[in-house]
Amino acid sequence: MKAVGSYIIVKDEEVIQKNDLGLIITEESDNNIRYIIGEVVSVGADVKEVEVGGKVYFDKIAGSSLRVNGTKLKAIRERDVVVILDNADSII
Amino acid sequence: MIEKEIVFDGEGRKKLKKGIDILAEAVSSTLGASGKTVIIEDEYGNPHITKDGVTVANSIILSDPIENLGCSILKQASQKTASEAGDGTTTSCVLARAIINRCFDNIDDIENVTQAKEGIEAAAKDIVKLLEKSSKSVNQKTLLQVSTISANGDSYIGELVSNAYEEVGKDGIVNMEDSLSGIDHTEITNGTRIKRGYGTPFSINNLRSKSVEYQNPLIVISDTKIDMHERLHFAFEQSIKQKRPLLIVSELDDRVKLFVAQNINKKNLTCNFIHPEGVGISKFELLEDLCMMTGARMISELSGDSKENIDKSYLGTCASMVSNSNETILVFEKDEENTKKKEVISYLKEEIEKTSNRNVKYHLKDRLSKLSGGVATIKLAGNSEIELKEKKDRVDDSIHATKAALEEGVVAGGGVALLDVHEKISSKPHRSSSSSFNMGYKMMVDSIPDVWNKIISNSGQELTLEETKMMQNRKPKQGFDVKNKLFGNMFTFGIVDPLKVTKNAVLNSASVASTILTTSCVISNKRIAKK
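Residues numbered from 1 in each chain as written. Chains lettered and ligands numbered in written order. Predicted model: local features only at pLDDT ≥ 70, side-chain atom pairs only at ≥ 80, totals over all residues. Heavy atoms only, no water.

Along its length, chain A carries zero helices and eight strands. Across chain A, helices and strands are ordered from the amino to the carboxyl terminus as β-β-β-β-β-β-β-β. Looking at the 92 residues of chain A, the share that counts as buried comes to 37%. Intrachain contacts of chain A at a sequence separation of at least 6 include 60% that bridge at least 24 residues. Carbon and sulfur atoms make up 46% of the accessible area of chain A, which amounts to about 5,500 Å² in all. (Helix = DSSP H or I, 4+ residues; strand = E, 2+ residues; numbered from the N terminus. Buried < 20%, exposed > 50% of the residue type's maximum accessible area, 1.4 Å probe, protein only. Contact = heavy atoms within 4.5 Å. Areas by Shrake-Rupley, 256 points an atom, 1.4 Å probe, with all protein chains shown as cover.)

What follows covers the interface of chain B and chain A. Contacts between chain B and chain A engage 13 residues on the former and 13 residues on the latter. Linking chain B to chain A there are four residue pairs in polar contact (both at pLDDT 80 or more). Mapped onto the side of chain B that touches chain A, the elements with two or more residues apiece are helix H8 (233-242) and helix H9 (254-265) of chain B. In terms of residue count, the dominant contributor to the side of chain B that touches chain A is H9 of chain B (five residues). Partitioned by chemical class, the residues of the side of chain B that touches chain A number five nonpolar, five polar and three charged. (Polar contact = N/O pair within 3.5 Å; in protein donor to acceptor, adjacent residues only side chain to side chain. Nonpolar A, V, L, I, M, F, W, Y, C, P; charged D, E, K, R; others polar.)

On to the packing of helix H3 (residues 65-85) of chain B against helix H19 (residues 499-517) of chain B, then. All names here are of chain B. Across the interface, H3 lies against H19 with an axial gap of 9 Å and an inter-helix angle of 155 degrees. It follows from the interaxial angle that H3 and H19 lie roughly antiparallel. Both H3 and H19 take part in a crossing whose hand is right-handed. Across the interface between the two elements, Ile73, Ala77, Lys80, Thr81, Glu84 and Ala85 from H3 touch Lys500, Val501, Asn504, Ala505, Asn508, Val512 and Ile516 from H19. Tallied by class, the residues present in the contact of H3 with H19 amount to seven nonpolar, three polar and three charged. (Axes fitted to C-alpha atoms, helices over the stretch in contact; angles between N-to-C directions. Parallel < 35°, antiparallel > 145°, perpendicular 65-115°, else oblique. Left-handed = near helix turned anticlockwise from the far one by under 90°.)

Now for the nonpolar core. Residue and element names in this part refer to chain B. If you look at the biggest cluster of nonpolar residues, it comprises 69 residues, and the most contacted ones within it are Ile127, Leu131, Met444 and Val506. A per-element tally of this core places helix H5 (residues 113-133) first, with nine residues. For Ile127, the contacting residues outside a window of four places in its chain are Leu418, Val421, Ile425, Met444, Ile448 and Val506. Residues Val249, Cys318, Leu330 and Leu371 belong to the second largest nonpolar core, which totals 28 residues. (Core = buried A, V, L, I, M, F, W, Y, C linked by side-chain atoms within 4.5 Å.)

Turning to the pattern of salt bridges, a few remarks are in order. Residues and elements named next belong to chain B. Tallied over the entire structure, the rule returns 27 salt bridges over all chains. Taking the shortest distance from any N to any O, the salt bridge between Lys15 and Asp64 comes out at 3.5 Å. With Lys15 in helix H1 (residues 9-28) and Asp64 in the loop between helix H2 (53-58) and H3, this residue pair connects regions lying 49 residues apart in the sequence. What you see here is one network of salt bridges that share partners, running through Lys17, Asp21, Glu25 and Arg97. (Salt bridge = Lys/Arg side-chain N within 4 Å of Asp/Glu carboxyl O.)

This paragraph deals with the sheet that holds strand S9 (residues 271-274) of chain B. Each strand in a sheet pairs with another by means of backbone hydrogen bonds, the pair being arranged parallel or else antiparallel. All names here are of chain B. Spatially, four strands are ordered S9-S8-S7-S10 in an open sheet, and the strand pairing comes out mixed. Of all strands in the sheet, those bounded by a partner on one side alone are S9 and strand S10 (316-317). With four bridges connecting them, strand S7 (residues 218-221) and strand S8 (residues 246-249) associate as parallel partners. Across the sheet, residue Ile219 finds its bridge partner in S8, namely Leu247. H8 contacts S7 and S8 of the sheet and is inclined by roughly 175 degrees relative to S7. (Pairing = 2+ DSSP bridges.)

Turning to the packing of aromatic side chains, a few remarks are in order. Residue and element names in this part refer to chain B. Enumeration over the complete set of coordinates arrives at two aromatic pairs over all chains. The interplanar angle of 50 degrees and the centroid separation of 5.8 Å between the aromatic rings of Phe236 and Phe259 together place this pair among those described as tilted. Taken together, the positions of Phe236 in helix H8 and Phe259 in helix H9 put the pair 23 residues apart, joining distant regions of the chain. We classify Phe259 as buried; its relative accessible area is 0%. With a centroid separation of 6.4 Å and 25 degrees between ring planes, the pair formed by Phe437 and Tyr441 is classed as stacked. One end of the pair is Phe437 and the other is Tyr441, both in helix H15 (residues 435-447) and four residues apart, which spans about a single turn. Both residues of the pair, Phe437 and Tyr441, belong to the buried class. A cation sits over an aromatic face here: Lys136 above Phe491, 4.1 Å from the ring centre. (Phe/Tyr/Trp six-rings, centres within 6.5 Å; stacked < 30°, edge-to-face > 60°. Lys NZ or Arg CZ within 6 Å of the ring centre and 35° of its normal.)

Two measures define how a pair of helices packs: the angle their axes make with one another and the distance between the axes. Residues and elements named next belong to chain B. The interhelical angle for the contact between helix H4 (residues 89-106) and helix H16 (residues 450-458), taken along N-to-C directions, is 115 degrees, at an axis separation of 9 Å. Between H4 and H16 lies a crossing of right-handed hand. The residues of H16 that touch H4, namely those facing Thr91, Val94, Leu95, Ala98 and Arg102, are Asp450, Val451 and Lys454. When its residues are assigned to classes, the contact of H4 with H16 shows four nonpolar, one polar and three charged.

The next point concerns a positive patch on the surface. A grouping of Lys125, Lys129, Lys133, Lys424 and Lys428 of chain B is seen on the molecular surface, where their side chains present a positively charged patch. As for its placement among the helices and strands, Lys133 of chain B is situated in helix H5. (Patch = residues over 30% accessible without salt bridge, like charges linked within 9 Å, V, L, I, M, F, W, Y side chains within 5 Å. Lys, Arg positive; Asp, Glu negative; His and termini not counted. Charge placed at Lys NZ, Arg CZ, Asp CG, Glu CD.)

So, about the confidence of the model for chain A. Reading fine detail from the predicted coordinates is not recommended where pLDDT is low. Scored by pLDDT, chain A comes out at a mean of 87, with 93% of its residues at no less than 70. The weakest mean pLDDT in chain A belongs to strand S2 (residues 17-18) of chain A at 84; the strongest belongs to strand S1 (residues 7-11) of chain A at 93. (pLDDT = per-residue confidence, 0-100.)

Residue and element names in this part refer to chain B. Spatially, six strands are ordered S4-S13-S5-S12-S11-S6 in an open sheet, and the strand pairing comes out mixed. Among the strands making up the open sheet, the edge pair consists of strand S4 (173-178) and strand S6 (212-215). Between one strand axis and the next, the sheet turns by 30 degrees as a mean value, whatever way the strands run. Here S6 pairs with strand S11 (residues 320-323) via four bridges, running antiparallel. Paired with Glu213 across the two strands is Val322, which belongs to S11. Of the strands in this sheet, strand S5 (185-194) and strand S12 (328-332) are in contact with helix H10 (residues 280-294), which crosses S12 at around 35 degrees.

Turning our attention to the pairing of strand S3 (residues 47-50) of chain B. Working note: regular strand, side chains alternate between the two faces of the sheet. All names here are of chain B. Here S3 shows a buried face lined by His48 and Thr50 and an unburied face lined by Pro47 and Ile49. Sheet topology note: the strand S2 (residues 38-41)/S3 ladder contains four bridges and is antiparallel. Paired with Ile40 across the two strands is His48, which belongs to S3. The turn linking S2 back onto S3 is made up of five residues, and Gly45 within it adopts a positive phi angle of 90 degrees.

Okay, structure coming up:
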């Protein structure tokens, strides 16, 4: 699978975060927050900054879902991405 | 759609009456000091022995749909009395049946059923007025009498309950628990009650009683709706650091509720949240009182609190907290001197004297009872589970009746108060131009001595000629003690009923009877026999 042009494919699954007290924060209890976290599966040829395997914050309202080989994915554009995480494990 | 069966006028009424008669017969056998016990088979075939009218009524289900409807209508009346006054199921049943019987006997002579219904309702109101006039407020002695009678004459339980109420006063809370030590005893604590249950069932940590029980919890109180869980970060932090449970008294946004519930479920937090009582200024005042008792500081948007300036000094505490689906009880350390609290209590007492507005008075009394009330817990022990269950039933009845007596006073028991009212009212009945109205009024008034008659017939003895004569020439409040076979003043015998119970029994039975009177058609679901 390879994304086309300026598309970025991210995994469309909920990432549960933990705060400094070890309390879990789910997307639903945080649904007033617009940007959510996701893992990049594939990037198109025109994408400059985002790399495969990285974690990015993207606009949850942007893009549309698709299903490839049974896995639910989401196609977004590079302009919907706001943050690229260097070390995602420290937060999740 | 389920097929319906429709029955009109005479036939429907006849069947309804049959159902009512069956239920009333079963329940009324428990009326009075010499009432009989009833054995009920539970769903596993075990016997349950009781003298409690509600339990008997609830266990009766008839196979004929219309008879069952009649039975259910009467059941509802008695349950309403029981839920309002805690007792008086049996009295309601007997009264309702007496009125309904009279209605059915005279139904052909009544021209206008609606006016007859009004007559019944007017009579019930007059009866209640006279009952209120004849009531007495309770003292230590009558309180003991009430609690003993409602415990089916068990003076030991009566003493236990009345002592508990004496300790905590009129506004106090009395509840019961299983004793761990094997002896019955009463524990008095300083506490308050919030009429709100736990926010999420995930908090439940006592599965047996389906309640949340915390020792020494941290308490956070806010008067504004909390819409971000970050606002409570400091409270969560302290709760986790100090390894103490957390109680949140505030309105929470759905997201915050979800956040808390998820973390309780993941065992990250030990927390319970309840919605505050009241609205507007009364909510603010109640929360302020709660702050004073718990030592918490209120988080309020009015005073400009935000996430930055809130720290652990905003947290309060109490000795223990029990929260079930309906209410939350906080218990505090007993010997805590709180001068501000005393000041507020005396202020509230003065205000209650001064104000004449009923709603304001109610609110002030509510605040006073929350501030000054103590909590008495009666710990009960029993040799077997069946014994304990039966004992608990009686203690529960006794607690309710004693509370009702404290609230509205007592009247002469054994049906004598109703007998007095009957004499007074029939000497100068309410007159109306409508004959149907008069008839309804008379039916209601004529029915009330039936309670007394039933108590006498339950005692298994007939009055001798001499005794009948004594009853005819009796003075108000004089009656017959069926247990000791003595004639005299019921108050001196210690046979008294809470006014609230008798009053509610009259009102609810009148309402059922007037409903049935105006019924002319019964529609029921068709039963299909299983093959």
